[in-house]
Amino acid sequence: MSANVSSNLAAMLKIRRFEEQCIAMARAGKLPGHYHVYIGQEATAVAACAALKPEDFLFSTWRNHGHLLARGASPGKMLAEILGRSGGYAGGKSGTLHLSANDLGMPTTSALVGGSLPLATGAALACKRQGKGIAVAFFGDAGLEEGAFYESMIIAQVWQVPILFVCENNSIPPKDRKRGQYTSSTLPAQRLGDVTQSLQIPSEAVDGTDLTAMEECFKRLTAEVRNGGGPRFVEVCCSRWPGNIMTWPELPGGDWQIDWAFGGKPDVDAMVAWLSSDPLSLYLKKQLAAGALDRTQIEAIDAAVKKEMTGAAQFALDSAFPEASEAYRHVFAAQESAL
Amino acid sequence: MELTFIDIIRRALDEEMDRDAAIYLLGEDVAAGGAFGVTKGLVDKHGTNRVKNTPISEAAITGMATGAALCGLRPVLEIMFIDFATLAMDCLVNQAAKYRYMSGGQLSVPMVVRTQVGAAGGAAAQHSQSLESWFIHVPGLIVVAPSSPVEAYGLLKSAIRLSDPVLFIEHKRLYAMKEDLPEGAGPLPIGQARVARAGKDVTIIVYSAMVRTALAAADNLAKEGISCEVIDLRTLVPLDIETLLKSVTKTRRVVIAHEAVEVGGVGAEIAARLGSLAFEELDAPIVRVGCPFAPIPFAPELEKALLPGSREIEKAVRELIA
Ligand SMILES: Cc1ncc(C[n+]2csc(CCOP(=O)(O)OP(=O)(O)O)c2C)c(N)n1
Ligand SMILES: [Mg+2]
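The structure presented is a predicted model; accordingly, all values stated were derived computationally and were not measured.

J.: Can you help me understand the pairing of strand S4 (residues 74–79) of chain B in this one?
T.: Residues in a regular strand project their side chains so that they alternate between the two faces of the sheet. All names here are of chain B. Taking burial as the measure, the six residues of S4 include six buried ones, the bulk of the element. Across five bridges, the pairing between strand S2 (residues 23–27) and S4 is parallel. Along S4, the bridge assignment pairs Tyr-24 with Pro-75. Strand direction decides the pairing type here: S4 and strand S5 (residues 112–117), joined by four bridges, are parallel. Pairing of Ile-79 across the sheet is with Thr-115, part of S5.

Here you go:
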């Protein structure tokens, strides 16, 4: 098994198991507020982050867990933050909606649709001025419904800043929507890249279920951006995981099973159908068919990931709730020096 | 029959839509009910032309509502969280609020923007704010903040019938509150505060979810022999200063409480007005209760530490009496 295959598999599994744990924590009443999971989009974050360097900046949305994990964030500190504990990345102040890891070049997460696009464009300007790094903005399809998208694209192109816009399109075509389903954008463009193409920003679409295709795509596009080529836009055509149907994610069919890559089937029809567009299952099947790994190796990786997640959960649950006095801190930088 | 705040708003919308075909609803996912289910089912009766789902485009949909209002329709727009109204500020502040004035009275903007405020456990700094004081600063906007389901019913009906742009503020912690809708309930006056509890020692001035909190505080204080008059403002613009002055003349002591940040809040405006209009009537400085000067943090423990509740109101009243 090549190092690349095992690290890809571990990285995707890590996200999947982390999210399953979040859902379990929410069920157990330990996770306050509402939250979003990245199940079904794991390959995007893994492929994109593999193409990045430590000096690069990443911006995300409410659906940020996968981007952080793929960037190397600590699952324990992430979960502690999501549970509102003092050991979290922001000591409990950000929660899942604004989860970020500044030391990993992920300064902040805006929970406003489109909110991070101008920020990422500004980060790219900072990269250009400082002569190192690029910015990557991950955002959902609804980002294109906000004016900030167009305003950011225009400035990015006119100023030729080094930024890669990654639109993770998990929308559902209007005809397939069910009532009460989690919001989905309605964009009249056939391909989202057509929009930026008209602004002379080169764009392409890539299959979000195909990790290998995305590895190639992100490697090439980040190199172009890094070499002064200006902004690039990529539409990642994601599949919509059946659990992502409402504000509160569910886990239809239970935790993902390795056996599902070996002919086993979930007991929920929607999940059976979805497995053919699950990036994790697809990657496994492809590697199995190529003889790149066997079941024992997969089980060993999964066991290691699960162990890491158990440790993360322990860390988070052991972490104390923040002191009330923390609520008053960090309002101003000047306040810190006065303290 | 008992109805929740959500059910009652839906009923008011439904009845007003029956009454006037110019009224239509728009907002993100309103056909499916919106984020909190307020408009659920209305599309079945009134159709997709009158219950319109919009893109996630706060600036454009607020502008469109204003444009449609200028040209004959009566839109009721839902902005999912008041935090997102920041994206609609140009239209609300520079446009909707000004057209009547700028046209020398020729134009009017009969539009209601329903939005939702407050902290309710783990929604963090961008989904928990109470930004109403920004809007009272803008001449031309009516600002309504109901305190209960029945109040919301009457105030929403009136808001829809006005010919001015209205910001209608719903508090998320009130959504599950239930009340009987009395027989014959109808529109309530805009610009008239309500004495929610009569008392003689201290006046507590509140609005929105804080009314319930103040009533609980008044109950507790009554056990100590302190009699509080609780005034529900109902509308922040116009402000019913007469009712406040009447109460202050009687009690001579005032606490103003709101969930919004105390600094620059609605309480500051009221305190300033009472301070100059009723200086002679006051036996003690006016006291404000509000959120400390910090954003709303995610962790529920931290959120609790900041949010003012009945304890803070009681403490303020006791200090005032002492
Ligand atoms: C300015 C703003 N308007 C509305 C919302 C409410 N909201 C949260 S997530 C969401 C849908 C976002 O869809 P998309 O960008 O495609 O991302 P996805 O959740 O599908 O990954 C909406 C409307 C918001 N957070 N910010
Ligand atoms: Mg989407």
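J.: Where do I start with unusual backbone geometry in this structure?
T.: One can expect most non-glycine residues to show negative phi and most peptide bonds to be in trans. Residues and elements named next belong to chain B. Here Val-237 and Pro-238 are connected by a cis peptide whose omega angle stands at 0°. As for its placement among the helices and strands, Pro-238 is situated in the loop between strand S12 (235–237) and helix H9 (241–251). With phi around 65°, Arg-252 is a residue other than glycine that occupies positive phi space. Relative to the helices and strands, Arg-252 is located in the loop between H9 and strand S13 (254–261).

J.: Where do I start with the nonpolar core in this structure?
T.: Soluble globular proteins tend to pack their nonpolar side chains together in the buried interior. Residues and elements named next belong to chain A. In this structure, Phe-218 and Val-234 are the most contacted members of the largest nonpolar core, which totals 68 residues. If you tally residues by element for this core, the top one is helix H1 (residues 3–27), at nine residues. Excluding its chain neighbours within four sequence positions, the residues that come into contact with Phe-218 are Thr-44, Ala-47, Ala-48, Ala-51, Leu-164, Val-166, Val-234 and Val-236.

J.: Can you walk me through the coordination of the magnesium ion (ligand 2) in this structure?
T.: The reference angle at a metal is 109.5 degrees if four donors form a tetrahedron and 90 or 180 degrees if six donors form an octahedron. Residues and elements named next belong to chain A. Around the magnesium ion (ligand 2), the protein contributes the donor atoms Asp-141 (OD) and Asn-170 (OD1), at 2.0 to 2.2 Å from the metal centre. Of this pair, Asp-141 sits in the loop between strand S2 (135–140) and helix H6 (147–158) while Asn-170 sits in the loop between strand S3 (163–169) and helix H7 (193–197), and the two are 29 residues apart along the sequence. Residue classification places Asp-141 among the buried positions, given a relative accessible area of 4%. Looking at Asn-170, the relative accessible area reads 8%, which means it is buried.

J.: Before we go on, may I ask you to explain the packing of aromatic side chains in this structure?
T.: The geometry of an aromatic ring pair is captured by the separation of the ring centres together with the interplanar angle, meaning the angle of the planes. Evaluation of the coordinates by the stated rule reveals 10 aromatic pairs over all chains. Measuring from ring centre to ring centre gives 6.5 Å for Phe139(A) and Phe165(A), while their planes differ by 85°; the resulting arrangement is edge-to-face. With Phe139(A) in strand S2 and Phe165(A) in strand S3, this pair connects stretches of sequence that are 26 residues apart. Seen from their ring centres, Phe36(B) and Tyr175(B) are 5.2 Å apart, and the 50° between their planes marks the pair as tilted. Separated by 139 residues along the polypeptide, Phe36(B) in the loop between S2 and helix H2 (42–46) and Tyr175(B) in the loop between strand S7 (166–171) and strand S8 (178–180) bring together distant segments of the chain. The class for Phe36(B) is partly exposed, based on a relative accessible area of 29%. Through successive ring pairs, a cluster of aromatic residues spans Phe139(A), Phe149(A), Tyr150(A), Phe165(A) and Phe233(A).

J.: I'm lost on the packing of H1(A) against helix H11 (residues 295–318) of chain A in this one. Help?
T.: How two helices sit against one another is set out by the angle between their axes and by the gap between those axes. Residues and elements named next belong to chain A. Contact geometry of H1 with H11 gives a least axis separation of 9 Å together with a crossing angle of 40°. Comparing the axis directions of H1 and H11 gives the class oblique. For the pair H1 and H11, the sense of crossing is right-handed. The segment H1 lies against H11, with Ser-6, Leu-9, Ala-10, Leu-13, Lys-14, Arg-17, Phe-18, Gln-21 and Met-25 engaging Ile-298, Ile-301, Asp-302, Val-305, Lys-306, Glu-308, Met-309, Thr-310, Ala-313 and Leu-317. Taken together, the residues of the contact of H1 with H11 sort by class into 11 nonpolar, three polar and five charged.

J.: Looking at this model, I keep getting lost on the environment of Gly208(A). Mind explaining?
T.: Residues and elements named next belong to chain A. Tracing the backbone through its elements, the reader meets Gly-208 in the loop between strand S4 (203–207) and helix H8 (211–226). Spatially, the C-alpha atom of Gly-208 lies 16 Å from that of Leu-164, the residues being 44 residues apart in sequence. Those residues in contact with Gly-208 that sit more than four places away from it in its chain are Ala-43, Thr-44, Met-214, Val-236, Cys-237 and Pro-279.

J.: Is there a simple way to explain the interface of chain B and chain A in this structure?
T.: Each partner contributes to the interface: chain B provides 33 residues, whereas chain A provides 34 residues. For the interface between chain B and chain A, the tally reads zero salt bridges. Run the count over chain B and chain A and you get seven residue pairs in polar contact (both at pLDDT 80 or more). Here the element with the most residues in the side of chain B that touches chain A is helix H11 (residues 300–306) of chain B; it accounts for five residues. Residue composition of the side of chain B that touches chain A, grouped by class: 21 nonpolar, seven polar and five charged.

J.: Sorry, what's going on with helix H7 (residues 149–161) of chain B here?
T.: Note that an α-helix has 3.6 residues per turn; residues three or four places apart therefore point the same way. Residues and elements named next belong to chain B. With 13 residues, H7 ought to run about 18 Å at 1.5 Å a step, and its terminal C-alpha atoms sit 19 Å apart, in line with that. Of all 13 residues in H7, 11 are buried, a share of seventy percent or more. Among the residues of H7, those classed as buried are Pro-149, Glu-151, Ala-152, Tyr-153, Gly-154, Leu-155, Leu-156, Lys-157, Ser-158, Ala-159 and Ile-160.

J.: Looking at this structure, I do not really get the pattern of salt bridges. What am I missing?
T.: Side-chain pairing between opposite charges can occur once the charged atoms of the two side chains come close. Counting across every chain of the model gives 38 salt bridges over all chains. Note that Lys14(A) is salt-bridged to Glu308(A), the shortest N-O span being 3.6 Å. Placement of the pair is Lys14(A) in helix H1 and Glu308(A) in helix H11, with a sequence separation of 294 residues. Taking the shortest distance from any N to any O, the salt bridge between Glu281(B) and Arg252(B) comes out at 3.6 Å. One end of the pair, Glu281(B), is in the loop between helix H10 (266–277) and strand S14 (287–291); the other, Arg252(B), is in the loop between H9 and S13, with 29 residues separating them in the sequence. Note on Glu281(B): relative accessible area 27%, which makes it partly exposed. The class for Arg252(B) is partly exposed, based on a relative accessible area of 26%.

J.: Hey, could you run me through the side chain of Ser128(B) in this one?
T.: Topologically, Ser128(B) is positioned in the loop between S5 and helix H6 (132–136). At a separation of 2.7 Å, a polar atom in the side chain of Ser128(B) contacts the main-chain carbonyl oxygen of Ala124(B).

J.: How should the environment of Ala137(A) be read in this particular structure?
T.: Residues and elements named next belong to chain A. Here Ala-137 is to be found in strand S2. On the accessibility criterion, Ala-137 (0% relative accessible area) is buried. The spatial distance from the C-alpha of Ala-137 to the C-alpha of Leu-117 is 6.5 Å, given a sequence separation of 20 residues. For Ala-137, the contacting residues outside a window of four places in its chain are Phe-59, Leu-117, Ala-120, Leu-164, Phe-165 and Val-166.

J.: Would you mind going over H11(A) with me for this structure?
T.: All names here are of chain A. For H11, spanning 24 residues, the distance from its first C-alpha to its last is 34 Å, which sits close to the expected 34 Å at 1.5 Å a residue. Of all the positions in H11, only Ile-298, Ile-301, Asp-302, Val-305, Met-309, Ala-312, Ala-313 and Ala-316 are classed as buried. In the core, the buried residues of H11 are packed alongside H1, helix H4 (75–82) and helix H10 (279–289). A distance of 3.2 Å separates the backbone nitrogen of Thr-296 from a side-chain oxygen at the start of H11, and that oxygen is part of Asp-294.

How each quantity is defined
- Residues numbered from 1 in each chain as written.
- Chains lettered and ligands numbered in written order.
- Predicted model: local features only at pLDDT ≥ 70, side-chain atom pairs only at ≥ 80, totals over all residues.
- Heavy atoms only, no water.
- Buried < 20%, exposed > 50% of the residue type's maximum accessible area, 1.4 Å probe, protein only.
- Helix = DSSP H or I, 4+ residues; strand = E, 2+ residues; numbered from the N terminus.
- Pairing = 2+ DSSP bridges.
- Core = buried A, V, L, I, M, F, W, Y, C linked by side-chain atoms within 4.5 Å.
- Contact = heavy atoms within 4.5 Å.
- Donors = N, O, S within 2.8 Å, 3.2 Å for Na, K, Ca; no water.
- Phe/Tyr/Trp six-rings, centres within 6.5 Å; stacked < 30°, edge-to-face > 60°.
- Axes fitted to C-alpha atoms, helices over the stretch in contact; angles between N-to-C directions.
- Parallel < 35°, antiparallel > 145°, perpendicular 65-115°, else oblique.
- Left-handed = near helix turned anticlockwise from the far one by under 90°.
- Nonpolar A, V, L, I, M, F, W, Y, C, P; charged D, E, K, R; others polar.
- Salt bridge = Lys/Arg side-chain N within 4 Å of Asp/Glu carboxyl O.
- Polar contact = N/O pair within 3.5 Å; in protein donor to acceptor, adjacent residues only side chain to side chain.
- Expected span 1.5 Å × (residues − 1).

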